[in-house]
Structure formats: structure tokens, C-alpha cells
Amino acid sequence: MKSNLLKYTLSLAFLISTMLIAISVGSVSVPIPEIVKIIGSEVFHLPIGNDVDPKSISIVYDIRLPRVILAGLVGASLAIAGAAFQGLLRNPLADPYILGVSSGASVGAVSTLFFNISIPFLGMYTLPFLSILSALATIMTVLFFAKKIDKTMRVESIILTGIIFSSFLGSIISLIIALTGEELQQIIGWLLGSVSMRGWKYVGIILPFLIIGGLLLLMNTRELNAMSFGEDRAQHLGVDVEKRKMLILAAGSILTGAAVAVSGTIGFVGLVIPHLTRKLWGPDHIHLLPLSIITGAGFLILTDLLSRTIISPQVLPVGVITALVGAPVFAMILLKQKKAKGR
Amino acid sequence: MLKVENVSGGYDGETIVKDIHFSVGKGEFFGILGPNGSGKTTLLKMMSGLLELEQGEVKIDDRSISDLTKKQLAKKMAVLPQLSPQVFPYTVKETVSLGRYAHHRGFFQTWTDEDENIVQKVMKQTNISHFQDNSVMEHSGGEQQRIFLAQALVQKPDILLLDEPTNHLDLAYQKELLDLLRTRAREEGLTVVAILHDLNLASLYCDKILLMDNGETRAVADPDDVFSEELINHVYQTEVVKQPHSKIAKPQLHLLPGKKSEREGEQVKIDENMLSISPERIVLQSKQPLKTVSSGVVGAGAGWYSNFVNRHVDATYNCTNHREEMREYLTNHGFPVSQTVGMMTAVTLEDNSYRVYEGDGFSVMIVVTAGVGNAVDSTRENSPVAAPVKPGTINTWIFVNGKLTDEAYIQSIITATEAKAQVLRDCHILDAHTKKQATGTSTDSILVAATQQGKEIDYAGTATELGAIIGRGVYQEMKQSIQHYFKRKKMHDHLSFN
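Since the model is a prediction, treat every value here as computed from it, not as a measurement.

(A) Main features of the overall build of chain A. For chain A, the helix and strand inventory stands at 14 helices and zero strands. Its helices and strands taken in sequence order, chain A reads α-α-α-α-α-α-α-α-α-α-α-α-α-α from the N to the C terminus. Computed over the C-alpha atoms, the radius of gyration of chain A is 20 Å, within 12% of the 20 Å expected from 2.2 N^0.38 for a compact globule of 343 residues. Principal-axis analysis of the C-alpha atoms places the extent of chain A at approximately 65 × 55 × 40 Å. Here chain A holds 343 residues, and the buried ones make up 55% of them. Taking all contacts inside chain A whose residues are at least 6 apart in sequence as the whole, residues at least 24 apart take part in 75%. Just so you have it, chain A exposes about 15,200 Å², and 71% of that area is on carbon and sulfur atoms. Distance between charge centres in chain A, computed from 26 positive and 17 negative side chains, equals 11 Å.

In C-alpha cells:
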């Protein structure tokens, strides 16, 4: 048995080191001790020495720190949502991206921009709100159709339905882009997924949703354990399956919708991270979910760092990097599953 | 405890289970049987609350299960479903611990000592605690079945529902699992409701059985009443034979393989040509095994045998373990013990007498070797216990080319014995001690063997044709054999006087 302390210590060490490195590295390199001082002064109002360059303060605090935190929050949201979807659907291949939830959220976001919708009282939360709503609608429709195709809701049927919906929703997005004409580069850049140049405002947008969605899921870890043995089994164990399922799907959609609203569609984080975390630390959702949050955050910070340094000064969309890592992992799991079945 | 009241239901408006009604008492082991597609699993799903009922009610302690929350229900009733493939590598202990879910309240309740104790105890009982840290996926179907049984048992239910729990299990584990369940039922009052596939296992373990067919009740009763050949043949659309278990008072059903003609195999007719007689032994070998009831030294009782050996031993033969010695003898002479009925006699085998008697559609061959050296009156008082080691002196073989019922076997033996007593009376053979009429000798053996082909013969009492032939045949052959015996004895005495 790996001790819980070890699991969390190593995961947190990974997260903190990626954060520090990501803040440090860039066109202007900031040494790590300086970063600590700047954060200490800005956040905790500690005295800062005279040896710190004011330009560094601005780079760290106004540009890199919000970017790193936003990447972390997006990664955390996608990873925990993926972990929950996988447990709920008993399927290590489930992921908000593959299930079409991300595309659904994108349609909501793009429509909001296109039609210039603004819901009174929601203000800047209109975009994430509509993203979440369309994410939720998408997952419900996907599951409804999957059930129509095959009552037992086999893994393959759900994925197939998800892919069909992804393509369909993708074409709607293309249609909207075609109609827009202007700012093409910007929308496509957003769609490919990016956390660059978003600033503190976006951190403020995603944070409340991560807290709500995350807490909802953390309150259902034991239910997720039960449901990963099948819905019937879970009900026999005493789980109110219908209610819990709705809660978990809603929480997953909130997290995905909010992540998409601030950063576009970033694929495969929700697939790779829970899979990796489960491999390392075991499938028990009581620890899998919090550990996925930490690891997911660290992973997206790292890939974002890669995206802006790998062919610097050009910046790649972070979604490209995650897909480059994620698609082979997806293929690997699929192969392993086939092998296991063939045995 | 558990009541199922006029329950009907199914999937998507299609009624599969119709009007099922029964109740199960505390500590009872209740079996649900029926052919594939008879609605057993559907009924179990409705009983466990997975499927809505169209009609009727399922009650636990007089409360409808639809009035209970999922957690309340899980504390009263646990389910062991059919195995389904696992997706995530949970450890055995994690899997078992999930059974405690219903006993936890709130979102973040911690694992208590009580939980731990129950989980450890149940894992010990189900014999899985030694691999509790392994992944469930590493284990075989049988072990997984035990893991999920443990998961159900840590729910501390009053009622346990099981769907074909012995699937995937080896013979020994089937027994182990069912023994465990029965012990729980007897000692802790656990009410067990199990869908079972194996009728004979159900007979051994169930107190009561529901037999379903086409979603309807065919019977709810004791195993003995449910297992009538007629009912089972009708419901399962096959042919079975009901027999008592040879060791305990439970019925068992035997399948009859293939078609009737295939079962009977090659036609055989037992006749004189199949006998081979030497001074050492009389042997009959049949190509097909014969259903035999006998009192031989080897192969005694009822069974199917193809070799029949009547072995001559010296009058002074005395072996502390004559059975073992006889087995060795048979093996050494090429007669497989498992296929052979072996008898012994001190009588000179030349004193044999045999003949085939033809009846209407059947025939009987009777072979007798007789000597009356230690003739006794079986009714005398203070009869000394005859040493079984002593070889028999009147050995009677009756081969029937026909199909006999169990009754006919018994009646054949009665009729043959009556005939024997008559021979001894007519030959004025007396008990050496009491000087009264003898009825036999102290170590006589008999066998009745039938080909079980051809004409069906239900009875063999003296009023039937078979009975008459046996009576007359045994009388004639035995008399002749005894006459041979006397002739030889006289000659022998005569010679020794000179």
C-alpha cells in the first residue's frame, strides 16, 4: 500500500515545481528566488528587497502568474471532470473532449460571441454560463442517444455517439466561423485552446465553477467507487444511482463548460491525467479526484510552458501539445483493452 | 420476512414475469429454478428494486421495498449478481469495503473500527483475506465470485439474493459457497434466495423451491414435490429420471443422454454360449453392461456391470480381508473391479446347472452352483452370526433379457429365495443343529442382472410370467445342482470308505 502522504506530497511537489519553472522561463528569465519574493510581496504584502527589477514584478505578477494559475485551473477542471466521467461510465476512455462535451461547450461559447448575447445580472459570466448549459445539454443528448442505440450503454456505443456529436457540433462551429468572416485567426486560436493573454479576469471567471463542480464531485467519491462496478451493483450497495448520476454529470459539465469558456477546447487532459493518476496511485476515487486535480493542474502548466517555448518566439496553441501527448495514450489504452478482451 | 405478492413485470411494457406469489421465512434457503428465459433474473431484479413492478408488491418485514430509501434497502437486502468484467483495478479490500456504503452517513464519514472488523471477519470467512491487497482483476472468476459475496455480506443484510452463484466455480468451491450460505442461514438467520442452474444442487441445499416456466409459477414447494419427473420433463422439455441421493434423503435427477436407441447401445442377449466354466471359476462376460442387483463379495448392491465371476475357493479358504483378496484375484485375471460382480463358493463348480427359459418377448438365464454343507434354518433362535468370510454355498445368478423396474428386481429376489427354500424342503435338507427344515446356507449369494433392453417388465411376483419363470427355473436348476452335489458326495463317501 502506497501511503496517502506520499501520494499527495509527490503530486504537490510536481505542481509547485512546474509552477515555479513556468513562471521563471520565458523571453525574460526570472530566477526562482526572485519569483518567491515577488509573490510574497504581492500576495502577502511582505517587504521586497531593492534588488528586484520592477519589470520582473510586472512580468511575474501581471503576465506569467495569471497565465500559470489559469492553466492550472483549466487543467484541474478538465482532469477531475475526466476522472468523474470515467468512473461514472466505467470507461477509461471517457473524457469531456471525446464525449462531445467540450464541443458542446464551444458551441455555447461561440454562439454567445457571435450573437453578442449578454444575460442581465450575469455580465461577464454569460459566456461560461452558456458554455456550461450547452455542455450539459450535450452530455444528456449523447447519453440519451447512446442508450437508444444500445440499452446496455456499452463503452463503444457511448464513444461512437460522442464522436458523432463532436463532428456535428464542430461543423456548427465552422459554420459560425464562416459567417463571422472577421477575427478568424482569433476564434480559431481560441478554439485550439490557449491560456495566453487572458489575465486575472479569466482566473476569476473559472475559479467559482471549479470550486462548485469540484466540491460536488468530491462529495460523490464513494458513489463513484460504487458506480465503477456498474449502476446495478451501485444501487444494490445502497447508492441512489439516478440522483447521483445527474449530480456527477452536472458537475462534470460545469467544470468542462467553464474550462472551455476561458481557454477553448483543450483535448485529452481529461483522458490522460486520470488514467496516469490511476496507474500511479490506484483507482479509489476518494484519492483519485483530488490527485487528478493536482496532477492535471501541473500537467497543463507544463504543456503551456512547452507551447510557448518549443518554437519560441512563436506560441503554439496548448491544445496542440495536449493532443500530441494524448492521442497516442488514447490509442495505447484502446489497444490494451482489446488485448484484455481477446484473452 | 420476505414476501412477493402477485408480482408481474418486465422491460419496456413487455410483461415477462407474471403473477408470482411466494414468501420466504427468516433463515430459509429458497431456490428459484427454471429453464433459460423463464424470467428468473427478471424476477430477481424486481425483488432487488432494480426493475419497477407492473403489479403486486415486494415486502420485507411487511414493508414494501418501494417505501424504503436505497440505503435502507441495502441494509436489509444484499445482492450477489452474475459476474461482469471489471474496468478498474480496485484491490480486493477496497472492493469488499464498498459493501459498507449503506452504513455510512453524510458525505465524509470516516472508516470506523467496526467497519474494519466486519470487513476483516467476512474476508476470513470467505477465504479471501490472504489476497486482500491484490487487484480484483488478477483473480479468477471463482475468486471474484467470493470477493463479491464478501462485498454483499459486509452489508450485514437480513436477506441475500443471488443470481447463479455457482457459475464459474469448481465443484469444491460450489459446495464451499453453498455450505457457507447454508451455515449463515441456519446459524445467523440469513434469508437466502438464490437462482440456481443445477437442479441437483438445488435439491441438496434448498428448503423450498420456486419452479418458473415462461414467467409463470409452475410450483412452489419442497424439492421433493417440485422434482417430479413429469413436471421437470414438461418444464425443461427433456427426459430425466428421479432417484434418491444414495447418502442423504434428497431427490436427485439424472439426465438421459442422446436418443433412446443410442442409450441402449448394441443389442445383447445373454445365453449359455456366453458362459465359460472351468474348475476354478464360472464367468459370464457381456458386451454391454447389465443393470445388476447382487450380494456378491465385489460389486455388491446395485450398479451396472459387464463381468460376472463365481470363483471356487478351497473349503479351508480363510482370509482376514477376503474383499481385498478377491479384488486382487479379479484384477490379476483381467476382470476390472469396477465392472465386475464377484462371488465365492467352496462348492465344486462342476455341480453347476444352468438353462435359458423363454418367456413372451423376453428370456431368462439361470445359473446355480449349490452345496448344502452348512444348511441352516434362517428362523432358528440364537442363530450364531455367520462369519462372512466363509464362501457361499448356494450362488444363484438370474439374467433377464428384458427391461426391469426396481420393483421387478426386488420381486425377482423374493421369488428366487422362495424357490430355494422349496428346493431344500423337497430335498429334505435339515439344519445340522436344530434338525429342522433348512431354508438356505449361511453364505448364499444372489444376483439379478438385466440387459434393460427390449420388453418392459414391471413386476416379477409369482403371478407374473417373469415371476413364474424365475420360480420354476431356480427350482429346477438348483435341484439339479444339489443332485449333482449329492451324487458326488455319495461317490466320495463311498470311495473314502473303501
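(B) Quick peek at the overall build of chain B. For chain B, the helix and strand inventory stands at 13 helices and 24 strands. Taking 2.2 N^0.38 as the reference for a compact globule, 498 residues should give roughly 23 Å; the C-alpha atoms of chain B span a radius of gyration of 32 Å, well beyond that estimate. Considered along the principal axes of its C-alpha atoms, chain B spans approximately 110 × 45 × 45 Å. Taken over 498 residues, chain B has a buried fraction of 49%. Looking at chain B alone, contacts between residues at least 24 apart form 72% of all its contacts between residues at least 6 apart. A total of about 23,600 Å² of accessible surface is found on chain B, and carbon and sulfur atoms cover 49% of it. Side-chain charges of chain B comprise 52 positive and 64 negative groups, with the mean position of each set lying 4 Å from the other.

(C) View of the pairing of strand β12 (residues 251-255) of chain B. Where strand β11 (residues 240-244) of chain B lies against β12(B), five bridges are found, and the strand directions are antiparallel. The residue of β12(B) that forms the bridge with B:Q243 is B:Q252.

(D) Region of interest: the interface of chain B and chain A. Listed per partner, the contact involves 33 residues of chain B and 29 residues of chain A. Around 2,800 Å² of area is buried between chain B and chain A when both sides are counted, 59% of it from carbon and sulfur atoms. The tally of links between chain B and chain A comes to zero salt bridges. Summed over the shared surface of chain B and chain A, the result is twelve residue pairs in polar contact (both at pLDDT 80 or more). Split into classes, the residues belonging to the side of chain B that touches chain A amount to 17 nonpolar, ten polar and six charged.

(E) Spatial organisation of helix α3 (residues 54-88) of chain A. Residue and element names in this part refer to chain A. The first and last C-alpha atoms of α3 sit 49 Å apart over 35 residues, in line with the 51 Å expected at 1.5 Å per residue. A maximum bend of about 40 degrees is found in α3 at R64, where proline P66 lies one to four positions downstream. Of all 35 residues in α3, 27 are buried; the element is thus mostly enclosed. Downstream of α3 by one or two residues, R90 has phi in the positive range, about 50 degrees.

(F) Structural view of the sheet that holds strand β7 (residues 159-163) of chain B. Residues and elements named next belong to chain B. Strand order in this open sheet of six strands is β6-β7-β8-β3-β9-β10, and the pairing throughout is mixed. Bordering the open sheet on either side are β6 (77-80) and β10 (216-221), each of which pairs with just one other strand. Direction aside, neighbouring strands of the sheet carry axes that sit 15 degrees apart on average. Sheet topology places β6 next to β7; four bridges connect them, and they run parallel. Bridged to V79 within β7 is L161. Where helix α6 (residues 171-188) meets the sheet, it contacts β3 (29-33), β7 and β8 (191-195), and its direction lies at approximately 135 degrees from that of β3.

(G) A look at the domain arrangement of chain B. We note that the domain assignment places domain 1 (2-255) and domain 2 (272-497) within chain B. Inter-centroid distance (C-alpha atoms) of domain 1 of chain B to domain 2 of chain B is 53 Å.

(H) A look at unusual backbone geometry. Residue and element names in this part refer to chain B. Located in the positive-phi region is E164, a residue other than glycine, with phi close to 45 degrees. Tracing the chain through its elements places E164 in the loop between β7 and α6. One non-glycine residue with positive phi stands out, namely H428, at about 55 degrees.

(I) Main features of the side chain of A:D95. As for its placement among the helices and strands, A:D95 is situated in the loop between α3 and α4 (101-114). Not counting the four nearest positions on each side in its chain, A:D95 is found in contact with A:F268, A:G270 and A:L271.

(J) Seen up close, the side chain of A:S11. Residue and element names in this part refer to chain A. Note on placement: S11 falls in helix α1 (residues 4-24). The exposure class of S11 is buried, given its relative accessible area of 5%. Once residues lying within four places of it in the same chain are set aside, the contact partners of S11 are W281, L291, I294 and T295.

(K) Expanded view of the confidence of the model for chain B. The predicted model of chain B averages 88 in pLDDT, with 95% of residues at 70 or higher. For the stretch residues 385-392 of chain B, pLDDT sits under 50, and the model shows 18 contacts to residues farther than four places along the chain or on other chains.

(L) Seen up close, the pattern of salt bridges. All names here are of chain B. On inspection of all chains with the given rule, the structure shows 23 salt bridges over all chains. R100 serves as the salt-bridge partner of D115, at 2.9 Å between the closest nitrogen and oxygen. With a gap of 15 residues between them, D115 in helix α4 (residues 113-125) and R100 in the loop between α3 (92-97) and α4 connect regions that are remote in the sequence. Its relative accessible area of 3% is what places D115 among the buried residues. Residue classification places R100 among the buried residues on the basis of a relative accessible area of 2%. Notably, a salt bridge pairs R186 with D207, separated by 3.8 Å at the nearest N-O pair. Here D207 lies in the loop between α7 (199-205) and β9 (208-213) and R186 lies in helix α6, a separation of 21 residues in the sequence. Judged by relative accessible area, R186 falls into the exposed class, the value being 56%. Through salt bridges with shared partners, one network takes in E350, D351 and R488.

(M) Fine view of the packing of aromatic side chains. On inspection of all chains with the given rule, the structure shows twelve aromatic pairs over all chains. Ring centres 5.4 Å apart and planes at 40 degrees place the aromatic pair A:Y61 and A:W200 in the tilted group. Residue A:Y61 is located in helix α3, and its partner A:W200 is located in helix α8 (residues 199-218); the two are separated by 139 residues in the primary sequence. When the ring of B:W397 is compared with that of B:F399, the centres are 5.9 Å apart and the planes differ by 85 degrees; the resulting orientation is edge-to-face. For B:W397, a relative accessible area of 2% translates into the label buried. Its relative accessible area of 0% is what places B:F399 among the buried residues.

Cut-off values and rules
- Residues numbered from 1 in each chain as written.
- Chains lettered and ligands numbered in written order.
- Predicted model: local features only at pLDDT ≥ 70, side-chain atom pairs only at ≥ 80, totals over all residues.
- Heavy atoms only, no water.
- Helix = DSSP H or I, 4+ residues; strand = E, 2+ residues; numbered from the N terminus.
- Rg over C-alpha atoms; globule rule 2.2 N^0.38 Å.
- Buried < 20%, exposed > 50% of the residue type's maximum accessible area, 1.4 Å probe, protein only.
- Contact = heavy atoms within 4.5 Å.
- Areas by Shrake-Rupley, 256 points an atom, 1.4 Å probe, with all protein chains shown as cover.
- Lys, Arg positive; Asp, Glu negative; His and termini not counted.
- Charge placed at Lys NZ, Arg CZ, Asp CG, Glu CD.
- Pairing = 2+ DSSP bridges.
- Buried area = accessible area lost by both parts, 1.4 Å probe.
- Salt bridge = Lys/Arg side-chain N within 4 Å of Asp/Glu carboxyl O.
- Polar contact = N/O pair within 3.5 Å; in protein donor to acceptor, adjacent residues only side chain to side chain.
- Nonpolar A, V, L, I, M, F, W, Y, C, P; charged D, E, K, R; others polar.
- Expected span 1.5 Å × (residues − 1).
- Bend = angle between axes of the 7 residues up to and from the residue.
- Axes fitted to C-alpha atoms, helices over the stretch in contact; angles between N-to-C directions.
- Domains from an automatic or database assignment.
- pLDDT = per-residue confidence, 0-100.
- Phe/Tyr/Trp six-rings, centres within 6.5 Å; stacked < 30°, edge-to-face > 60°.

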